[in-house]
Structure formats: C-alpha cells, structure tokens
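These are the residues of each chain, in order.
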Amino acid sequence: MSKNFDVVVIGGGPGGYIAAIRAAQLGFNTACIDEWKNEKGGPAPGGTCTNVGCIPSKALLQSSEHYEHASHSFADHGIEVKGLGLNLEKMLGRKNTVVKQNNDGILYLFKKNKVTFFHGRGSFVKGDANGYEIKVAGATEESITAKQVIVATGSNARALPGAAFDEELILSNTGALAITEVPKKLGVIGAGVIGLEMGSVWRRLGAEVTVLEALPTFLGAVDEQIAKEAQKLLAKQGLVVNLGVKIGDIKAGKKDVTVDYTDDKGNAQKAVFDKLIVSIGRTPNTTGLNAEGVGLKLDERGFIAVDGECKTNLPNVWAVGDVVRGPMLAHKAEEEGVAVAERIAGQHGHVNFNTIPWVIYTSPEIAWVGKTEQQLKADGVAYKAGTFPFLANGRARALGDTSGMVKFLADATTDEILGVHIVGPMASELISEAVVAMEFRASAEDIARICHAHPSLSEATKEAALAVDKRALNF
Ligand code: FAD
Ligand code: NAI
C-alpha cells in the first residue's frame, strides 16, 4: 500500500469523506484517516453525522413520528389501530441498521473512488510546504506522507461544568440516541436544534419532556414569526419549554438527576428527571492532532483558524466542517470539503454562506434560508413580506397536516428574495426551491410565475411568493 499521498484527509465525517472523494475524482492519490469505531471495534466512517447525529436522529424521528401517527392521527383517517405497542429495542435496532448501511456505503465509496482508508487516529508529526508526515495510530502504528492535508476532525458535545456526560443519566447526543427504556420524566438543557429534535422523539414515545433554556426567546436565530408559530405548535403537542432559566447544580443520583435552576421570574426551582440530555452546543475537536506540535493555529474558541478559503496558517494545510467557523451543519462541511479539493486542483471552489439552508426536524419541520425579518430590520434593508398558511393548501388538508406557513422576504425595490422561512409539513424538502431561487438571485415574482404541481405543498411556496405582491390566489 502506498504511504505517500497527494492529499491526506484527517477525519471521515461529511466534511472529510466528501473532500477525500472529490480529491480522488480530481486525480489525486488520496487517503482518509478516521478513528470512529463501531461496537465491534471496526471502522465506522461518517463521523458524528452518520454515527450519533443526522442519520440516527432522523431514523428515530421517523419511527417516533410513525408511532405518534398510529396512536393519534390514524383515527382521523378512519384507520383503527388496536393493541398498538412500542418495541423500543427494535426501533433502536433499526436505527443502528440505518447507521451501519451508511458506514458501509462510505467504505464502498472509498473503494469505488480509490481512496485509501486508514482506521485510526491521525496526528501531525512534522512538515512544511514540501509535505507533511502524519502518524496513524490504529490497530498498528504507521507513518504516511501528504503534500496537502485537509483537517476535518469535527466537534464534540459541550458539557455543563460539574455535570460530565456519563451517557447513563446525563446524556450527550450519543446517549440521547440510545436510551433503552422510555424515561418517565426527561429533562433537556438547551432548546436548540438537538434539544427540540431529541425532545420530540422521546415525547412522542411517551416521556414527559421539560426543556430548560437559558435565553429568554425561543429559537432566537429563527425568524421571529416562524419561531413563535413553532413554539405554539410544539407546546400544543406537550413539549414543555421553560425559557430564561439559569441552571445551577446538577446532581446525578443512583437512578435520577436533580437539576437546580432559577426560573425566568427569579424563583429557585428543583426538578428531578429520570434522564437528562444536555444539548447546549458543541465544541471543535482537535484532540490528538498535535496541532501545537506543528504550529497549527487555533482561534480563541478552539476552532482551527482558517481564511475564507479554508486555508490554515500552515502551507498546504486546510480545515473544513465543524472544526472551523460557521454553522455546524453536515451540508456546510460537505460543501467546504468539495471546495477545498477543487482549490487544491487549481479550480475555484466556492461556498455561498448566504444560501446554506437550516432545518430543524421537529413536527412540523422548521426550515429557512437567508435573512430573517429581524436581521433585515437591524440591517436597515427595505423589504416586503408575504406569507401563506398551509391551512389554505389542498395537499396539506389531504395529508391532515395543515400547521404552519411559508414566509417570503424580498427586497422592497428589486424584489430579489432575501430569505424564505417555513414551519410546516416537509419544510426540509420545500426549502430547496428557495435555496435554488436565491442561488440564482431570483425575485419573488420569478417563483410566483413558475408553474407548481397541484395539489402539492410547494404551491404554498408559490402562494407566499405571490403574497409578497399581495396577490395570493387561495388565501
Ligand atoms: P464530524 O462528523 O464530527 O466527523 C469528524 C470525524 O473525524 C469523526 O469520525 C471523528 O472520529 C474523526 N476524527 C477526529 N479526530 C481525528 C483524528 N485525529 N484522527 C482520525 N479521525 C479523527 N447537521 C445537519 O446538517 N443536519 C442534521 O440533521 C444534523 N443532525 C444532527 C444531529 C445531532 C444529534 C448532532 C450531534 C449533529 C447533527 N448535525 C446535523 C450536525 C452534523 O453532524 C455536523 O455538522 C457534521 O457531522 C460535521 O461534519 P464534520 O465532517 O466536520 O465532522
Ligand atoms: P444549539 O446551539 O442549536 O442550541 C443550544 C441551546 O442551548 C441554545 O438555545 C442556547 O441558548 C442553550 N444554552 C446554552 N447554554 C445553556 C445553559 N447553560 N443553560 C441552558 N441553555 C443553554 O446546540 P445543540 O442543540 O447542542 O446542537 C449543536 C449543533 O449541532 C447545532 O447548532 C447544529 O449546528 C447541529 N445540529 C443540527 C441539526 C440539524 O441540522 N437538523 C440537528 C442537531 C444538531
């Protein structure tokens, strides 16, 4: 096996494995090193996203949504279910199978693209503009060289001080995806993306879920109108979210966790939970890279410092994904990975940060791209807004899921789309049209004039675009 590579990628998550595939497609002799182990100690490439993130969470969101439909909404469709039961072991097993299919898929893609895969930890030994020596510590230890290095070592869950993750009672995303018995009372600290998604899963499966959030506003980064609507809908489902709290002591007992906190009125509170998920954000992972040994610069928050092109301070060393600034999203990591491989090949890879979509996979889903109304106000941009409720959409009525709306924000003068915000059924799929439109710098009028299939949820997108000009047809 060759030990001298054109490109070595450290980390096999969505940033790293995609960068490796693109580099190989461009003709580089490429290796990818990833240390993630499956339960048998074998390789499990795909990083956080595949193993304890996007993929398993969406598998459990889907399963728990089916369960909730069967127990609550099938009856509305005239489907009577008797003797409905939950086999959590099977549900978790299915989730694990989905994860393994993705791990295996990546190993297959490496073979197909002739990317050499190393299972182990990669760390810098030494190097300069002429190349780098990288140690791979796995079942055995070996040394490889690279002309170009792409670091894609991802992120880890951030713990609260004094409340280390034991993954039994105090859970990070890893434990939150593997609870073997539905807890009666589940506490969640942080009403961010993970808190809402995992809180939804376990509430649907029968847990009484209380989410404790430090900020006084719900989903502060989301368009306010959409966030308010989402808050109302999630509360109606029974997800309790307490805003403006200050977390105090957290004590894990033998079978439960006690959380002391101060509520938004300043009153001292004590809550006892069977399990506690802590989802207060993630920290970049540079453990074991020997960044300091080779002088790889980190910023003040521990991210690898990069410029707009993902170049680090070291010649021919790049970094992408969660370990660098910007949103911690799998598709952002992938786009950066592709762009870097293309830049190494002398091409002009580009990531448009203005058109990166966000999706929160609650039910209904929340998705957006571009600016929120509050951002436009703060920036002093003159805009027009148009909204359309799913209540007035025929397909949504047929589905029996009429909650939420689509909202367009367009420049008051040019009509260029500046932001699109959706809370509603299949928002994760609907948002793509808005991303394409914004990438092509379309106007709201462009979307309003495009023929959308009937009956489809996407007609709500068209109608919201029409509403920008106050001429929605069905509302
Ligand atoms: P990672 O996926 O973290 O991969 C890094 C890899 O590098 C890991 O395999 C790690 O073991 C390996 N590694 C680290 N150091 C070394 C080393 N020295 N040597 C060898 N290997 C090393 N994003 C979305 O876009 N959509 C979602 O629906 C979504 N859902 C999520 C749900 C949860 C519960 C969580 C926690 C995250 C979710 N994310 C989602 C975020 C997404 O998982 C991350 O943004 C994405 O995984 C980042 O990719 P990455 O390649 O930068 O890093
Ligand atoms: P987050 O940043 O989305 O949310 C963290 C929340 O915790 C915030 O609301 C914050 O105000 C709150 N918080 C912080 N400190 C707190 C404290 N001491 N007490 C109470 N609340 C506190 O982070 P989260 O949910 O951990 O997810 C990490 C990242 O993973 C996300 O930002 C996202 O980038 C990614 N992710 C993406 C998903 C998706 O795309 N669907 C799904 C899950 C995660």
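Owing to the predicted nature of the structure, the values given are computational and were not obtained by experimental measurement.

Engineer: Honestly, the site of ligand 1 in this entry has me stumped. Any pointers?
Structural biologist: Close contacts around ligand 1 come from 38 residues, with Asp 34, Thr 48, Lys 58, Gly 122 and Asp 322 the closest. Summarising the interface, the protein chains cover 94% of the accessible area of ligand 1, which totals 1000 Å² for the free molecule. The set of elements that each furnish at least two residues to the shell around ligand 1 consists of α1 (14-25), β2 (30-34), α2 (47-52), α3 (54-73), β3 (116-128) and α9 (330-344). It is α2 that provides the largest number of residues to the shell around ligand 1, a total of four residues. Of the residues that constitute the shell around ligand 1, the class distribution is 14 nonpolar, 18 polar and six charged.

Engineer: Hey, could you run me through unusual backbone geometry in this one?
Structural biologist: Along the chain, Ser 363 connects to Pro 364 via a cis peptide bond; the corresponding omega equals 0°. Secondary-structure assignment places Pro 364 in the loop between β17 (358-360) and β18 (365-370). A cis amide bond links His 454 with the next residue in sequence, Pro 455, at an omega value of -10°. The backbone of Asn 290 shows a phi angle near 60°, a positive value even though the residue is not glycine. Considering the arrangement of structural elements, one finds Asn 290 in the loop between β15 (282-284) and α8 (291-294). With a phi close to 55°, Met 426 is a non-glycine residue in the positive phi region. Here Met 426 lies in the loop between β21 (417-424) and α12 (427-439). The class for Met 426 is partly exposed, based on a relative accessible area of 43%.

Engineer: Hey, could you run me through the nonpolar core in this one?
Structural biologist: By size, the foremost hydrophobic cluster in this structure holds 37 residues, and its most contacted members are Leu 196, Trp 202, Leu 219, Ile 277 and Ile 366. At the level of secondary structure, the elements contributing two or more residues to this core comprise α3, α4 (88-112), β8 (185-189), α6 (193-204), β9 (208-212), α7 (224-236) and β18. With five residues, α7 is the single largest residue contributor to this core. Discounting chain neighbours no more than four positions away, the residues touching Leu 219 are Ala 191, Leu 196, Ala 227, Ile 360 and Ile 366. Ranked by size, the runner-up nonpolar core spans 30 residues in total, among them Val 369, Met 438, Ala 465 and Leu 466.

Engineer: Please clarify how the side chain of Asn 393 should be interpreted in this entry.
Structural biologist: With respect to the helices and strands, the residue Asn 393 is situated in the loop between β19 (383-389) and α11 (394-399). Within the structure, Asn 393 has its side chain in polar contact with the backbone nitrogen of Arg 395 (distance 3.2 Å). Aside from chain neighbours lying at most four places away, what touches Asn 393 is Phe 388, Ser 456, Leu 457, Glu 459 and Ala 460.

Engineer: Teacher, can you tell me more about the site of ligand 2 here?
Structural biologist: By nearness alone, 23 residues border ligand 2, and Glu 197, Glu 213, Gly 281, Met 328 and Val 359 come closest of all. In this structure, an oxygen atom belonging to ligand 2 sits 2.9 Å away from a main-chain N or O atom of Ile 194. One nitrogen or oxygen atom from the side chain of Glu 197 is found 2.8 Å from a nitrogen atom belonging to ligand 2. A total of 840 Å² of accessible area belongs to ligand 2 in isolation, and the protein chains cover 76% of it. Residue assignment for the shell around ligand 2 shows that the elements contributing at least two residues are α6 and β17. Take the shell around ligand 2: its biggest share by element is four residues, from α6. Each residue belonging to the shell around ligand 2 can be placed in one class, and the counts come to 14 nonpolar, five polar and four charged.

Engineer: I tried to follow the layout of surface pockets on my own but got confused; where do I start?
Structural biologist: In this approach, a probe sized like a water molecule rolls over the atoms, and the result shows the empty space that is left. Quantified by volume, the second largest pocket comes out at close to 1200 Å³. As for the second largest pocket, its lining consists of 35 residues, of which Glu 65, His 69, Ser 363, Pro 364 and Asp 401 are closest to the centre. Every element with two or more residues in the lining of the second largest pocket is listed here: α3, α6, α7 and α12. Looking at the lining of the second largest pocket residue by residue, the classes come out as eight nonpolar, 15 polar and 12 charged.

Engineer: Would you explain the pairing of β21 in this entry?
Structural biologist: Successive side chains on a regular strand alternate, one facing one side of the sheet and the next facing the other. Most of β21 sits out of view: eight of its eight residues are buried. Relative to β21, β18 runs antiparallel, the two sharing six bridges. For Ile 366, the partnering residue across the bridge sits in β21 and is Val 423. Relative to β21, strand β20 (residues 405-411) is paired through six bridges, and the arrangement is antiparallel. Of the residues in β21, the one forming a bridge with Ala 410 is Ile 417.

Engineer: I'm lost on the pattern of salt bridges in this one. Help?
Structural biologist: Pairing of side chains with opposite charge becomes possible as their charged atoms draw close. This structure, assessed with the given rule, holds 24 salt bridges. In this structure, the salt-bridge partner of Arg 121 is Glu 35, at a minimum N-O distance of 2.9 Å. Pair noted here: Arg 121 is in strand β3 and Glu 35 is in the loop between β2 and α2, with a separation of 86 residues, a long-range link. Residue classification places Glu 35 among the partly exposed positions, given a relative accessible area of 36%. Salt-bridge contacts for Asp 104 lead to Lys 100; the nearest nitrogen and oxygen are separated by 2.7 Å. Of the two residues, Asp 104 and Lys 100 are both situated in helix α4; the distance of four residues between them amounts to about one turn of the helix.

Definitions and limits used
- Residues numbered from 1 in each chain as written.
- Chains lettered and ligands numbered in written order.
- Predicted model: local features only at pLDDT ≥ 70, side-chain atom pairs only at ≥ 80, totals over all residues.
- Heavy atoms only, no water.
- Near = heavy atom within 4 Å.
- Areas by Shrake-Rupley, 256 points an atom, 1.4 Å probe, with all protein chains shown as cover.
- Helix = DSSP H or I, 4+ residues; strand = E, 2+ residues; numbered from the N terminus.
- Nonpolar A, V, L, I, M, F, W, Y, C, P; charged D, E, K, R; others polar.
- Buried < 20%, exposed > 50% of the residue type's maximum accessible area, 1.4 Å probe, protein only.
- Core = buried A, V, L, I, M, F, W, Y, C linked by side-chain atoms within 4.5 Å.
- Contact = heavy atoms within 4.5 Å.
- Polar contact = N/O pair within 3.5 Å; in protein donor to acceptor, adjacent residues only side chain to side chain.
- 1 Å grid on protein atoms, 1.4 Å probe; cavity = no way out; pocket = protein on both sides within 12 Å on 5 of 7 lines; lining within 4 Å.
- Points joined across faces, edges and corners; volume = space filled by probe spheres on them.
- Pairing = 2+ DSSP bridges.
- Salt bridge = Lys/Arg side-chain N within 4 Å of Asp/Glu carboxyl O.

None of this, on its own, says anything about what the molecule does.
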